[in-house]
Amino acid sequence: MMLWAYAAILAWSVAVPAPAAPAVSPMPRPEQVMAVPPGLRAQLQQQVIDGGDSDRARLDRLVVFLFQKSGLGMTYSADATSTVEQAYRTRQANCLTFTLLTVALARASGLQAYGQELDDIVAWRVDDNIIYGFNHVNAGLRIGRTRFTVDVARDLVMAHNPPEPVSDQRLLALYYSNRAAELLAGTTPAAAAPYMAMALQLAPRYAGAWANAGVMHLREGDPQAAERDYLKALALDPDNASALVNLVTLYRNNGDEARRAIYARRIEKIQARDPYFQFLQAEDDAKQGDYAGAVQHYRRAIRLYDGDPRFYLGVAHAYQQLGEARRARQALDRAAALRRGSAGVRN
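Residues numbered from 1 in each chain as written. Predicted model: local features only at pLDDT ≥ 70, side-chain atom pairs only at ≥ 80, totals over all residues. Heavy atoms only, no water.

The name given to the protein chain in an unreviewed UniProt entry is Tetratricopeptide repeat protein, with Rhodanobacter umsongensis as the source organism.

Draft legend 1. Spatial organisation of the overall build of the protein chain. Scanning the protein chain for helices and strands turns up 15 helices and 8 strands. The proportion of buried residues among the 347 residues of the protein chain is 47%. Of the contacts formed within the protein chain by residues at least 6 apart in sequence, a portion of 62% connects residues at least 24 apart. (Helix = DSSP H or I, 4+ residues; strand = E, 2+ residues; numbered from the N terminus. Buried < 20%, exposed > 50% of the residue type's maximum accessible area, 1.4 Å probe, protein only. Contact = heavy atoms within 4.5 Å.)

Draft legend 2. Representation of the packing of aromatic side chains. Applying the stated criterion across every chain yields a total of 7 aromatic pairs. When the centroid spacing of 6.4 Å and the interplanar angle of 90° are considered together, the rings of tyrosine 305 and phenylalanine 311 count as edge-to-face. Given a relative accessible area of 0%, phenylalanine 311 falls into the buried group. Among the aromatic residues, those joined into a cluster by ring pairs are Phe279, Tyr298, Tyr305 and Phe311. Directly above the ring of tyrosine 195 sits arginine 179, whose terminal nitrogen or CZ lies 5.6 Å from the centroid. (Phe/Tyr/Trp six-rings, centres within 6.5 Å; stacked < 30°, edge-to-face > 60°. Lys NZ or Arg CZ within 6 Å of the ring centre and 35° of its normal.)

Draft legend 3. Layout of helix H13 (residues 291-304). Between its first and last C-alpha, H13 extends 20 Å over 14 residues, near the 20 Å set by a 1.5 Å rise per residue. By the burial criterion, the buried members of H13 are Gly293, Ala294, Val295, His297, Tyr298, Ala301 and Ile302. Each element contacted by the buried residues of H13 is listed here: helix H12 (275-287) and helix H14 (309-321). (Expected span 1.5 Å × (residues − 1).)

Draft legend 4. Structural detail: H12. When the terminal C-alpha atoms of H12 are compared, their 18 Å separation across 13 residues agrees well with the 18 Å that a helix rising 1.5 Å per residue should span. Within the sequence span of H12, burial applies to Pro275, Tyr276, Gln278, Phe279, Ala282, Asp285 and Ala286. Buried residues of H12, viewed axially, fall in a sector of 170°; they line one side. Of the residues flanking the end of H12, it is glycine 289, one or two places downstream, whose phi is positive at about 85°. (Arc of directions from axis to C-beta.)

Draft legend 5. A look at the environment of alanine 261. For alanine 261, the location among the structural elements is in helix H11 (residues 257-272). Sequence-wise, alanine 261 and valine 248 are 13 residues apart; in three dimensions their C-alpha atoms are separated by 7.6 Å.

Draft legend 6. Highlighting the UniProt feature "repeat: TPR" (unreviewed entry) in the protein chain. According to UniProt, the "repeat: TPR" (unreviewed entry) feature falls on residues 207-240. Secondary structure across residues 207-240 divides into 79% helix and 0% strand, with the first and last C-alpha atoms of the span separated by 7 Å. (UniProt positions renumbered as here; feature names shortened; annotations may be inferred.)

Draft legend 7. Spotlight on the pairing of strand E4 (residues 112-118). Counting buried positions along E4 gives 6 out of 7 residues, so the element sits mostly inside the fold. With 3 bridges joining them, E4 and strand E8 (residues 164-166) adopt antiparallel strand pairing. Paired with glutamine 116 across the two strands is proline 165, which belongs to E8. (Pairing = 2+ DSSP bridges.)

Draft legend 8. How the structure looks around the side chain of glutamate 117. If you trace the backbone, glutamate 117 turns up in strand E4. A polar atom in the side chain of glutamate 117 sits 3.1 Å from the side chain of arginine 170. (Polar contact = N/O pair within 3.5 Å; in protein donor to acceptor, adjacent residues only side chain to side chain.)

Draft legend 9. Geometry of the packing of helix H8 (residues 207-219) against helix H10 (residues 241-254). Contact pair H8 / H10: the axes reach a minimum separation of 9 Å and the direction vectors enclose 30°. Regarding the angle of H8 to H10, the classification is roughly parallel. Crossing geometry of H8 relative to H10 is assigned as left-handed. Contacts from Ala211, Val215 and Leu218 of H8 reach H10 at Ser242, Ala243, Asn246 and Leu250. When its residues are assigned to classes, the contact of H8 with H10 shows 5 nonpolar, 2 polar and no charged. (Axes fitted to C-alpha atoms, helices over the stretch in contact; angles between N-to-C directions. Parallel < 35°, antiparallel > 145°, perpendicular 65-115°, else oblique. Left-handed = near helix turned anticlockwise from the far one by under 90°. Nonpolar A, V, L, I, M, F, W, Y, C, P; charged D, E, K, R; others polar.)

Draft legend 10. Inspection of the pattern of salt bridges at higher detail. By the definition in use, this model includes 14 salt bridges. Two residues, aspartate 55 and arginine 58, come together in a salt bridge whose shortest N-O distance is 3.1 Å. Taken together, the residues span about one helical turn, with aspartate 55 and arginine 58 both in helix H3 (residues 55-67) at a distance of 3 residues. (Salt bridge = Lys/Arg side-chain N within 4 Å of Asp/Glu carboxyl O.)

Draft legend 11. Broad picture of the nonpolar core. Counting 75 residues, the largest nonpolar core has Leu40, Leu62, Leu72 and Leu105 as its most contacted members. Every residue in contact with leucine 72, bar those within four places of it in the chain, is listed here: Leu40, Gln43, Phe65, Leu66, Tyr88, Arg91, Leu101 and Leu105. Ranked by size, the runner-up nonpolar core spans 19 residues in total, among them Tyr276, Ala286, Ala301 and Ala335. (Core = buried A, V, L, I, M, F, W, Y, C linked by side-chain atoms within 4.5 Å.)

Following this line, the structure appears as C-alpha cells:
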C-alpha cells in the first residue's frame, strides 16, 4: 500500500551523532519511473503478447504473468516503492509500484490501462514516533465498454467509494511523495527533499504531498514552513486528515491552544461522518471487552455506509459476545450477501 507520512513527530528525542548514511541511488527522472527494461519486455513478449487471441485473453495472461512464479511472481512489500525496472529486479512491490508495473506492461501489450486512486481507505501503523496513514492505488484497464481492475491488495483494502482514474503525472507524483516519506523515515532523511520537490512540481495541487512536505520540514526543524505546508494542503482539501492531525499536534507542541482547538473540532466533525473511523472505534472497544460500546460504533458505521461486510462481521461477533444470537445471525447473513455481491470482476 502507499506510504504517507501522516502525522507529525509525537515526541522529540535528544540529538545524538548519527552514523554515516548509506549511499542513495540517484533520483530517477520521471520518464525512467515507468520505463520497461529490455529483459522484461522480452519476457512479456514471449509470455503475454505472442499468445495472440483477444484483448481479454491477453489481459488474463498478463495477470498470470504478474502473479505466478512462471512469470514475474511479484510479492507484496509495503515499503517497496520503486521504478518498474527496480521491481523487475527485486520482484517486490507495494500497491503503487504494482500499479506502475501493471500499467506499463499492459500498455506494452497493446491494452488501454491507467492508474486509479482510492483516498478513503482504512490502514495505519505507528513506527519510530511517526504515525503512517495509507491511501491506495490500483490499475484500471478498459476493453471495449468493460472496465477491469488489477489490484495486489484487493482483499486487504476497506473503502466505500469506487476508485478514480488518475493521470500518469499524478501517479508519478505519488511515486516521488512515497519515496520522500520512505527516505524521511529511514537512514537517509536528507535525501527526501528532491523527491518531495519533484512530487510538488508534478502535482502542485496534490494536498497529500503538501502534508508530507510539512512533515519533512518539521523533521528538519522548521515548524513555520511545516505550518505553511499543512495550511496549503487544507486550502486544496479542507478535509485532509493528515494536515489536520499534524496541525493539531504542531499547535499543541507550541502552546497555541486556540488554534489547536479549532482544528481539533474540524477533525471531530470529519470523524463523526466517517464510517471507517467508527469501525476503528468499534474494533478498539471490542479489544477492550466493551462489546456494548462496540455494537454502538459498528451500527454507526453501518448507518453511514451499508456496503462493507466487515462491519457486519464485527457487529456479529460483538452480538455473540453479548449473547444476542438472533442479531448475530442476521448480521452474518448480511455480511455473506455483501460478499456474494462483490465477487468477481467489477466493471
